[in-house]
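Reading the structure
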Amino acid sequence: MAGRVSDAARDAGRDPAEITTIVVTKFHPAFLVAQLAELGVRDVGENRHQEAQAKAAELAELDLRWHFVGQLQSKKARQARAYASAIHSVDRTALVDALRSDEASVDCFVQVNLTDDPGRGGVAPEALEALVEHVLETPGLRLRGLMAVAPLGEPARPSFARVRAMSELVQKLDPTAHDLSMGMSHDFRDAIMEGATHLRIGTAITGNRPVAG
Ligand SMILES: *Cc1c(COP(=O)(O)O)cnc(C)c1O
């Protein structure tokens, strides 16, 4: 996978060192995460709070950065802060308020919904600016940039180009919030072409996921 990411970065005229590959380990047991850590993986992603919390506790002695990439209930926000290095799915005011803290800041990405289906998570593009402003005025959150999932059934690259354009607006509000969490197993090349800094790769690295337990 590292070779394929480097190749895509070079094709895009980019430095591979500016791209972080997060291995999404959802549904896989903790021992698989431990094996990945032995192979040098440092960034892992999970999309269900209870599963993430349990694995992070079990593997606490490993030097891993846990990225929370799934929909997060506001009432679980405090707990998620405790183990997550980054939360990629900040998508509404209530969640921002629940993540507020006077302790060390947690990295976060505002997730944008590129579909018309609110159930898919993410803030609607029209509401993005107001949400970003709210994140920036809330203590305990460090805005890294935007996150998105390409809609199913259409080419991914134009969607990622939209996110890149939205990122320019975000950077007017905070020039340091330039990161882009986008690109999965099937569309990471397109994401790299459009400036992705954080890829979230599951099956292309881990093989098929076990059926949800
Ligand atoms: C599962 C998941 C991924 C990884 O998907 P793959 O297609 O297995 O690479 C990335 N992002 C999110 C939000 C996910 O839930």
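Residues numbered from 1 in each chain as written. Predicted model: local features only at pLDDT ≥ 70, side-chain atom pairs only at ≥ 80, totals over all residues. Heavy atoms only, no water.

**Structural notes on the environment of Ala127**
- Tracing the backbone shows Ala127 in the loop between strand 5 (106-112) and helix 6 (128-136).
- It is 38 Å that separates the C-alpha atoms of Ala127 and Leu62, two residues lying 65 residues apart in sequence. (Helix = DSSP H or I, 4+ residues; strand = E, 2+ residues; numbered from the N terminus.)

**Examining the UniProt feature "modified residue: N6-(pyridoxal phosphate)lysine" (unreviewed entry) in the protein**
- As annotated in UniProt, the feature "modified residue: N6-(pyridoxal phosphate)lysine" (unreviewed entry) corresponds to Lys26 in the numbering used here.
- Summarising the element assignment, Lys26 is placed in the loop between strand 1 (20-24) and helix 2 (30-38).
- Ignoring any residue separated from it by four or fewer positions in sequence, one finds Lys26 in contact with Gly45, Glu46, Asn47, Glu51, Lys55 and Arg209. (UniProt positions renumbered as here; feature names shortened; annotations may be inferred. Contact = heavy atoms within 4.5 Å.)

**A short note on the site of the ligand**
- For the ligand, the full set of nearby residues is Val24, Lys26, Asn47, Val69, Met147, Met184, Ser185, Arg200, Ile201, Gly202, Thr203 and Arg209.
- At 2.8 Å, a side-chain N or O of Arg209 approaches an oxygen atom of the ligand.
- Its free accessible area being 390 Å², the ligand has 90% of it covered by the protein chains.
- For the shell around the ligand, the class distribution of residues is five nonpolar, four polar and three charged. (Near = heavy atom within 4 Å. Polar contact = N/O pair within 3.5 Å; in protein donor to acceptor, adjacent residues only side chain to side chain. Areas by Shrake-Rupley, 256 points an atom, 1.4 Å probe, with all protein chains shown as cover. Nonpolar A, V, L, I, M, F, W, Y, C, P; charged D, E, K, R; others polar.)

**What to know about helix 2**
- Residues Ala30, Leu32, Val33, Leu36 and Ala37 constitute the buried set of helix 2. Down the axis of helix 2, the sector holding all buried residues measures 160°, keeping them to one side. Facing away from the buried side of helix 2 by more than 90 degrees, the exposed set consists of Phe31 and Glu38.
- Looking at the buried positions of helix 2, the neighbouring elements they touch are strand 1, strand 2 (43-46), helix 3 (49-58), strand 3 (65-68) and helix 9 (203-206).
- Following helix 2 by one or two positions, Gly40 has its phi on the positive side, about 105°. (Buried < 20%, exposed > 50% of the residue type's maximum accessible area, 1.4 Å probe, protein only. Arc of directions from axis to C-beta.)

**Quick notes on unusual backbone geometry**
- Look at Phe27: it is not a glycine, yet its phi comes out positive at around 75°.
- Inspection of the secondary structure assignment puts Phe27 in the loop between strand 1 and helix 2.

**Focus on the nonpolar core**
- Judged by nonpolar contacts, the single largest core of 58 residues is most densely connected at Val110, Leu128 and Leu146.
- When residues no more than four places from it in sequence are discounted, the contact partners of Leu128 are Val110, Val112, Val123, Leu146, Met166 and Val170. (Core = buried A, V, L, I, M, F, W, Y, C linked by side-chain atoms within 4.5 Å.)

**Overview of the pattern of salt bridges**
- A complete count under the given rule lists 13 salt bridges for this structure.
- Residue Arg189 is joined to Asp11 by a salt bridge in which the shortest nitrogen-to-oxygen separation is 2.9 Å. Here the residue Arg189 occupies a position in helix 8 (residues 188-193), and Asp11 occupies one in helix 1 (residues 2-11), the gap between them amounting to 178 residues.
- Arg189 gets classed as partly exposed once you look at its relative accessible area, which sits at 37%. (Salt bridge = Lys/Arg side-chain N within 4 Å of Asp/Glu carboxyl O.)

**Looking at the packing of helix 6 against helix 7 (residues 156-173)**
- It is at 10 Å that the axes of helix 6 and helix 7 come closest, and there the two elements cross at 35°. Helix 6 and helix 7 meet at a crossing whose hand is right-handed. Along its contact with helix 6, which presents Leu128, Glu129, Val132, Glu133 and Leu136, the element helix 7 presents Met166, Leu169, Val170 and Leu173. (Axes fitted to C-alpha atoms, helices over the stretch in contact; angles between N-to-C directions. Left-handed = near helix turned anticlockwise from the far one by under 90°.)

**Overview of the environment of Leu128**
- Tracing the backbone through its elements, the reader meets Leu128 in helix 6.
- For the pair Leu128 and Asn113, spaced 15 residues apart in the sequence, the C-alpha separation amounts to 9.6 Å.

**Brief notes about helix 1**
- Here helix 1 has its buried residues at Val5, Ser6, Ala8 and Ala9. For helix 1, the angular spread of the buried residues around the axis is 165°, confining them to a single face. Those residues of helix 1 that are exposed and angled more than 90 degrees off the buried face are Arg10 and Asp11.
- Packing partners of the buried residues in helix 1 comprise strand 1, helix 8 and strand 8 (198-201).
- Two residues or fewer after helix 1 comes Gly13, characterised by a positive phi angle close to 70°.

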